[in-house]
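# An overview of the molecular structure
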Amino acid sequence: MSYTVQEWLNLILRWTHVFAGIMWVGATYYFTWLDRRFHTTDPDEVWMVHSGGFYVVNKTSKPSPSHTLHWFKWEAAMTWLSGVPLLILVYYMGGLLVDGEPGKPSFAVAATIGLGVIVAGWIIYDLLWLSPLAKNEPVAVAISFALIVALSWWLPQVMSNRAAFLHVGAVLGTCMTANVWMRIIPAQRKMVRAVTEGREPDQRLADRAKFRSKHNTYIVIPVVLMMISNHFPTTTYGHPQNWVVLSVLTLVGWAVAHFVRKQ
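As the structure is a prediction and not an experimental result, all values here were calculated from the model. (Residues numbered from 1 in each chain as written. Predicted model: local features only at pLDDT ≥ 70, side-chain atom pairs only at ≥ 80, totals over all residues. Heavy atoms only, no water.)

Moving on, we get to the pattern of salt bridges. Throughout the structure, instances matching the rule amount to 9 salt bridges. We note a salt bridge from Asp35 to Lys59, for which the minimum N-O separation is 2.5 Å. Taken as a pair, Asp35 in helix H1 (residues 3-38) and Lys59 in the loop between strand E2 (53-57) and helix H2 (74-92) lie far apart in primary sequence, 24 residues in all. Put simply, Asp99 and Lys104 hold a salt bridge, and the shortest N to O gap is 3.0 Å. Classification of Asp99 by relative accessible area gives partly exposed; the value is 36%. In this structure, a network of salt bridges that share partners links the residues Asp35, Lys59 and Lys210. (Salt bridge = Lys/Arg side-chain N within 4 Å of Asp/Glu carboxyl O. Helix = DSSP H or I, 4+ residues; strand = E, 2+ residues; numbered from the N terminus. Buried < 20%, exposed > 50% of the residue type's maximum accessible area, 1.4 Å probe, protein only.)

In structure tokens:
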């Protein structure tokens, strides 16, 4: 592939990835804010003003079959579908996956590990939060953080430091996308089907979908950090203790998300 073609692909994929991510994160935090209003200041309905118009939103436990139901799912899909090819283009085809340091494995081994952890990361995360441990949220969060720390420490041993940072982000971003498409959307479809068939929707499905959506609001802030880390080599992936930096900044991101969710 010529350098010009590679640069055009890089530009198009990066542009799509960033814009799709903005739409996804914006919608996620908007609904987080909206739900917060219903549980605090505006229990009956929320009034808003934007773009020269006034809007009134009411929350209900079940959709109306006579109205168009708007889904928010393609933003997540487009973010992931542009992010993975971008990761492959820059790191797997662009020569940045490995750095040739003594003791590190070959490109083939690093590539296998890189793609493997993206898939395995979702499976481990999902099994953890489907297990009985999820009933004790602080314990499950602590285990999740320990897994992120372990991954942040291990990946720089098998690939370049820069690639390691991006792969931790790819694992977390994949978890976010899979939350939408494999946990949130299916639960919501079952609720819509119940209403269509004249049955009462299962509130447990709503609670599970909301729980994974909550996870996404926490995960996304560290993911954005990892996305932009390649612009700050000295303070992020190039730091001698880069895994410590990534672990600490992940906690900072979670703290910021917790604050934003309470506003």
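What follows covers the packing of aromatic side chains. If you walk through the whole model with that rule in mind, you get 8 aromatic pairs. Between the aromatic rings of Tyr92 and Phe107, the centroid separation amounts to 6.5 Å while the plane-to-plane angle is 75 degrees, which identifies the pairing as edge-to-face. Of the two residues, Tyr92 is situated in helix H2 and Phe107 in helix H3 (residues 107-130); the sequence distance between them amounts to 15 residues. Residue Phe107 is classed as partly exposed on the basis of its relative accessible area of 39%. Taking 5.8 Å as the distance between ring centres and 45 degrees as the angle between the ring planes, the aromatic pair formed by Trp122 and Tyr125 counts as tilted. With a gap of 3 residues between them, Trp122 and Tyr125 both fall in helix H3, about one helical turn apart. Overall, the relative accessible area of 10% leaves Tyr125 in the buried class. One Lys or Arg, Lys73, reaches over the ring of Trp71 and ends 5.7 Å from the middle of that ring. Above the plane of the ring of Trp71 lies Arg189, whose end atom (NZ or CZ) is 5.1 Å from the centre. (Phe/Tyr/Trp six-rings, centres within 6.5 Å; stacked < 30°, edge-to-face > 60°. Lys NZ or Arg CZ within 6 Å of the ring centre and 35° of its normal.)

In short, the description is geometric, and any link to function would need to be established separately.
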